[in-house]
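What the coordinates show
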Amino acid sequence: MGSNQNLRELQWLLQMIKSESFNPQSISFYLSHRTSGCYQETENSVNINISEDSLSYFSNILSDLGTAKNIQSSLTNLEFHRVEWGLEQLVYLGILLQNSSNIKQLVFRLNRFNIECLSELCEVLKRNRVIKEIMISESGIGPVGAGLIASALKLNESLEELQIWEDSIGSKGAEELSKMIEVNSTLKLLTIFDSHPITAASLISAVLARNRAMEVHVWSGENGERSSKVVEFVPDNSTLRIYRLHLSGSVRVACSLGWNSTVKSFDMTGVRLKSRWAKEFRWVLEQNRSLKEVRLSKTSLKDKGVVYVAAGLFKNQCLESLYLDGNWFSGIGVEHLLCPLSRFSALQYQANITLKSVTFGGGKTKIGRDGLASIIQMLTSNESVIKLGIYDDESLGADDFVKIFKSLERNATLRYLSLQGCRGVRGDVVLDTIMQTLQVNPWIEDIDLARTPLQNSGKADGIYQRLGQNGKTELETDTDLFKDMPLTEPKSCRVFFCGQEYAGKDLSLEITMSTLV
C-alpha cells in the first residue's frame, strides 16, 4: 500500500515515463482536483491528480505515454475521471491506444465530450483490435453518442464488454445499438443504465433475434425512483428474465423469440400482459424449438390471453414447464389450457405430450364448474404431465377436491401435486379421500398442502407419512447375502403381462427352457 511519501510532482512523473523502470499496468486520471500530483497506489497502479491550473500537463502526459514503448507493453487499464475532453487530447489518447498492445480496459467516469471529440474517439475504436472492455458512466453521451459508438462497434472486432451507466441514450440511441448488435458478433456483455426503460426492448430483441450469446443487463430509474432491473439475459444458463416492460416492448420481445435458439427459460413474472402479447406468443410456442420453461405468473392474463397460449401448446413439441398462476382467467381459460393435455376418447391422441409441469390458480382465477370438469378430464386421461400445481384457489370447495383426488386413482403418470393455499382442501372427507387415493395410486410421490386448512389444522401429517412409504418404491437388498449361495441353471421361466384393467392382468405364460433351446 502507498503512503504520503508516494505523492510526487507531475514533473517527476514526466521524467519517470521516459524511464525504462516505470512499467505500470493501471493508470487513473483525476481532473478538477485542488492540487496536482502523482500517487503510486501500488507497484503496478498509478493515480494522477491534475488541478485546473495544471491542465497542460494532461496533454503532455498523454503525449509521452503514447511514445513510451516500455509503458505501451505493460499498460492494461486506463481510467479517466471528470475529464472535459478537447480534440488535441483525444488525438494523443488515440495514439496511445493505437501504439499500446495490451490495453484491455478503458473507463470514462463523469467525462464530457463534444461531438467532435466523440467522433474522434469512435474513429479510434473502429481501428482498435486490442481493447476488450469499455465503460462510460455519467458522461452525457446521449442518443448521438450512443449512435457514434454503435457505428464504431459495427467495424470493431475485439470489444467484448460495453457498459453505459446513467447516460440517457433514449430510444434512438438504443435503436442504433440494436442495429450494431445485428452486425457485431464479438460483444459478450452489454450493460445499460438509462432513465427510461423503453431502451430495453430494442436491445434485447436484437440479441434474441440474432441468437447472440451476449449477456444483457438493462437497468432503469425513472423520475428519480430507485434504480431497478428491466431486462436480464444470461446465456450461460439460457435464462431470459423480464422484470418490467411496456406492452409494445413486450410484444417486440415475443416476436424476437420465434426462431430463437439461445433461450431455454423465459420468465415474465409480474409483467402486466394483454391478449395482444399472448397472440404473438402463440406463434412463438408453435415455432420455437428451444424453450423448456415459461413463467407467466401474475401477468394479469385473462381468458382470451390464455386461449392464445393454449392454442400454441397444440403444436409445441419442446416446452416442459408452464407457470400461469396468479392470473385473472376463469374456467373457460382452464378448459382451453388443459385441452391439449387431455384425451376425450380412446381413439384420440393427446395433442401435447412434452409438457411435464403446469401451474395455475390464484385469488382472481375462478376455476368453477367448467374448470373442475377439465381438471378431472385431464387427470383421468393424461399420460405425460408429472407435476400439477393449483395455487391459492378460492373457487373450489371440499367436494370438488374430493372429485380431483378420486380421478387420480387411475392416473399412473402424475408424481407431484401442489395445492398450496387452496381453501377448499379441508375437512375429514378430503383427508380420507387423499388417504384412499394413496392406497390405490402408488405413483404419487409428493402432495404440497402448504397454507391449506388441512395442514393448518395439523391433519396432514398422516398424508406425508403415507407419501414417505410410497416413496420407497425400490426394495433395499444386500447383495452380500447372495455372495456364497450356489448358482443353479434355470429350467423354465414365467412371464406375466400386467397392467390396469382390461390390459391383460390375469394372463401368464410358462415357457420351458428346452423349448427355447
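Here, every reference points to the structure presented above.
Summary of the structure given here. Here the structure is a predicted model, which is why all the values come from computation and not from measurement.

1. Overview of a positive patch on the surface
Side chains of Arg272, Lys274, Lys302 and Lys364 sit close together on the surface and give a patch of like positive charge. Position of Arg272 relative to the elements: it lies in the loop between strand S13 (265–267) and helix H10 (275–287).

2. Brief notes about helix H6 (residues 142–153)
Compared with an ideal rise of 1.5 Å per residue, which puts 12 residues at 16 Å, H6 spans 17 Å between its outermost C-alpha atoms and is within 8% of the ideal. Residues of H6 that are buried: Gly142, Gly145, Ala146, Gly147, Ile149, Ala150, Ala152 and Leu153. For H6, the secondary structure elements touched by its buried residues are helix H5 (115–127), strand S7 (133–137), strand S8 (161–165) and helix H7 (170–183).

3. Quick word on unusual backbone geometry
Residue Ser300 is not a glycine yet carries a positive backbone phi of 65°. Note that Ser300 resides in the loop between strand S14 (293–295) and helix H11 (303–313). Here Ser300 falls in the buried class, since its relative accessible area comes to 14%. A positive phi angle, close to 50°, is found at Asp392, a residue other than glycine. Within the secondary structure, Asp392 is located in the loop between strand S17 (387–391) and helix H14 (398–407). Residue Asp392 is classed as partly exposed on the basis of its relative accessible area, which comes to 29%.

4. Some remarks on the pattern of salt bridges
Scanning the model with the defined rule gives 14 salt bridges in all. As a salt-bridge pair, Glu175 and Arg252 come within 2.9 Å of each other at their nearest N and O atoms. A residue pair is termed long-range when its members are at least 10 positions apart, and Glu175 in helix H7 and Arg252 in helix H9 (residues 247–256) qualify at 77 residues. The exposure class of Glu175 is partly exposed, given its relative accessible area of 29%. Residue classification places Arg252 among the partly exposed residues on the basis of a relative accessible area of 34%. We note a salt bridge from Glu394 to Arg423, for which the minimum N-O separation is 3.6 Å. Of this pair, Glu394 sits in the loop between S17 and H14 while Arg423 is found in the loop between strand S18 (416–418) and helix H15 (427–440), placing the two residues 29 residues apart along the sequence. For Glu394, a relative accessible area of 44% translates into the label partly exposed. Overall, the relative accessible area of 52% leaves Arg423 in the exposed class.

5. Regarding empty space enclosed by the protein
If you walk through the whole model with that rule in mind, you get one cavity of 30 Å³ or more. Lining the largest cavity are Leu121, Leu125, Ile134, Ile136, Ile149 and Leu162. A per-class count over the lining of the largest cavity returns six nonpolar, no polar and no charged.

6. Some remarks on the packing of aromatic side chains
The description of two aromatic rings rests on the distance between their centres and on the angle between their planes. Tallied over the entire structure, the rule returns 13 aromatic pairs. Ring geometry for Phe58 versus Phe80: centroids 6.3 Å apart, planes at 70°, classification edge-to-face. One end of the pair, Phe58, is in helix H2 (residues 56–67); the other, Phe80, is in strand S5 (residues 77–81), and 22 residues separate them in sequence. Arranged with centres 5.4 Å apart and planes meeting at 75°, the rings of Phe108 and Phe113 form a pair that is edge-to-face. For the pair Phe108 and Phe113, one class covers both residues: buried. Through a chain of ring-to-ring contacts, three or more aromatic side chains come together here, namely Phe29, Phe58, Phe80, Trp85, Phe108 and Phe113.

What counts, and where the lines are drawn
Residues numbered from 1 in each chain as written. Predicted model: local features only at pLDDT ≥ 70, side-chain atom pairs only at ≥ 80, totals over all residues. Heavy atoms only, no water. Patch = residues over 30% accessible without salt bridge, like charges linked within 9 Å, V, L, I, M, F, W, Y side chains within 5 Å. Areas by Shrake-Rupley, 256 points an atom, 1.4 Å probe, with all protein chains shown as cover. Salt bridge = Lys/Arg side-chain N within 4 Å of Asp/Glu carboxyl O. Lys, Arg positive; Asp, Glu negative; His and termini not counted. Charge placed at Lys NZ, Arg CZ, Asp CG, Glu CD. Helix = DSSP H or I, 4+ residues; strand = E, 2+ residues; numbered from the N terminus. Expected span 1.5 Å × (residues − 1). Buried < 20%, exposed > 50% of the residue type's maximum accessible area, 1.4 Å probe, protein only. Contact = heavy atoms within 4.5 Å. 1 Å grid on protein atoms, 1.4 Å probe; cavity = no way out; pocket = protein on both sides within 12 Å on 5 of 7 lines; lining within 4 Å. Points joined across faces, edges and corners; volume = space filled by probe spheres on them. Nonpolar A, V, L, I, M, F, W, Y, C, P; charged D, E, K, R; others polar. Phe/Tyr/Trp six-rings, centres within 6.5 Å; stacked < 30°, edge-to-face > 60°.

No statement about biological role is implied by the geometric values presented.
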